[in-house]
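Here are the chains, one letter per residue:
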Amino acid sequence: MKVFYLPAGVLALILACSLWAGRFLEMRTEHWTALLAGVSQAAEAEDWSGASRALRQAYEDWDRDQTFLHTILEHDALDEAEQLFAAAMAACRQEDGEEALIQIAQLTVCLEQIAETQGISIRNIF
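Residues numbered from 1 in each chain as written. Predicted model: local features only at pLDDT ≥ 70, side-chain atom pairs only at ≥ 80, totals over all residues. Heavy atoms only, no water.

**A few points about the overall build of the protein**
(1) Moving on: Assigned secondary structure in the protein consists of six helices and zero strands.
(2) Moving on: Seen in sequence order, the protein has helices and strands lined up from the N terminus as α-α-α-α-α-α.
(3) Moving on: On C-alpha atoms alone, the protein measures out to a radius of gyration of 18 Å, which is more than a quarter above the 14 Å that the 2.2 N^0.38 rule sets for 126 residues.
(4) Moving on: For the protein, the C-alpha atoms occupy an extent of roughly 65 × 25 × 20 Å along the three principal directions.
(5) Moving on: Of the roughly 8,100 Å² of accessible surface on the protein, 58% is carried by carbon and sulfur atoms.
(6) Moving on: Side-chain charges of the protein comprise 8 positive and 20 negative groups, with the mean position of each set lying 11 Å from the other. (Helix = DSSP H or I, 4+ residues; strand = E, 2+ residues; numbered from the N terminus. Rg over C-alpha atoms; globule rule 2.2 N^0.38 Å. Areas by Shrake-Rupley, 256 points an atom, 1.4 Å probe, with all protein chains shown as cover. Lys, Arg positive; Asp, Glu negative; His and termini not counted. Charge placed at Lys NZ, Arg CZ, Asp CG, Glu CD.)

Following this line, the structure appears as structure tokens:
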């Protein structure tokens, strides 16, 4: 019976780490999407300096977690988010309200999908 304690303990540890990583990513995604909502509000009000500042803040916050995210996520998903951040920044620099809102919406969906892939659901299990 003692032979099963170590494997069961390792599996329990892996499960706990997986649950923690999924919850961590969910909380960070909520934070990033809240920051992006502020960017959208500034872009809708045509406050381009405020939108650029808020977007830069969101990107810097996103960038701080990259080392950890690269260990738990597929790099393609992270690359897509990086491209969307760059496109949103370019739209803000050009003061193109419609394009900025489109890029921010796509970025928000991308971040939500990244978090969804790490959550525990029937869809992810199968």
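After that view, the rundown keeps rolling.
**Examining the pattern of salt bridges**
(1) Moving on: Going through the model one piece at a time under the given rule, you end up with four salt bridges.
(2) Moving on: Across the pair Arg-28 and Asp-61 runs a salt bridge, and its minimum N-O distance is 2.4 Å. Here Arg-28, found in helix α1 (residues 5-44), pairs with Asp-61, found in helix α2 (residues 48-64); they are 33 residues apart in sequence, far enough to count as distant. In terms of burial, Arg-28 and Asp-61 fall into one category: buried.
(3) Moving on: Among the ionic pairs, Arg-28 bridges to Asp-65, the shortest N-O distance being 2.7 Å. Of this pair, Arg-28 sits in helix α1 while Asp-65 sits in the loop between α2 and α3 (66-72), and the two are 37 residues apart along the sequence.
(4) Moving on: The exposure class of Arg-28 is buried, given its relative accessible area of 17%. (Salt bridge = Lys/Arg side-chain N within 4 Å of Asp/Glu carboxyl O. Buried < 20%, exposed > 50% of the residue type's maximum accessible area, 1.4 Å probe, protein only.)

**Here we look at a nonpolar patch on the surface**
(1) Moving on: Among the surface-exposed residues, Met-1, Val-3, Phe-4 and Tyr-5 lie close enough to one another that they form a single nonpolar patch of about 560 Å² accessible area.
(2) Moving on: Tracing the sequence through the fold places Phe-4 in the segment before α1.
(3) Moving on: On the basis of relative accessibility, which here comes to 58%, the residue Phe-4 falls in the exposed class. (Patch = residues over 30% accessible without salt bridge, like charges linked within 9 Å, V, L, I, M, F, W, Y side chains within 5 Å.)

**Examining the nonpolar core**
(1) Moving on: In terms of nonpolar packing, the biggest core is built from 29 residues, with Leu-36, Trp-62, Leu-111 and Ile-114 touching the most fellow members.
(2) Moving on: Going through the elements one at a time, α1, α2, α4 (75-93) and α5 (97-118) are the ones with two or more residues in this core.
(3) Moving on: Ignoring anything within four residues of it in the chain, the contact list for Ile-114 reads Leu-25, Trp-62, Leu-73, Ala-77 and Ala-81. (Core = buried A, V, L, I, M, F, W, Y, C linked by side-chain atoms within 4.5 Å. Contact = heavy atoms within 4.5 Å.)

**What about the packing of α1 against α2?**
(1) Moving on: Following both chains from N to C, one finds α1 and α2 inclined at 165°, their axes separated by 7 Å at the closest point. For the element pair α1 / α2, the angle class is roughly antiparallel. Two packed elements cross with a definite hand, and for α1 against α2 that hand is left-handed. Along the contact surface, α1 presents Arg-28, His-31, Trp-32, Leu-35, Leu-36, Val-39, Ala-42 and Ala-43, while α2 presents Trp-48, Gly-50, Ala-51, Ala-54, Leu-55, Gln-57, Ala-58, Asp-61 and Trp-62.
(2) Moving on: Broken down by class, the residue content of the contact of α1 with α2 amounts to twelve nonpolar, three polar and two charged. (Axes fitted to C-alpha atoms, helices over the stretch in contact; angles between N-to-C directions. Parallel < 35°, antiparallel > 145°, perpendicular 65-115°, else oblique. Left-handed = near helix turned anticlockwise from the far one by under 90°. Nonpolar A, V, L, I, M, F, W, Y, C, P; charged D, E, K, R; others polar.)

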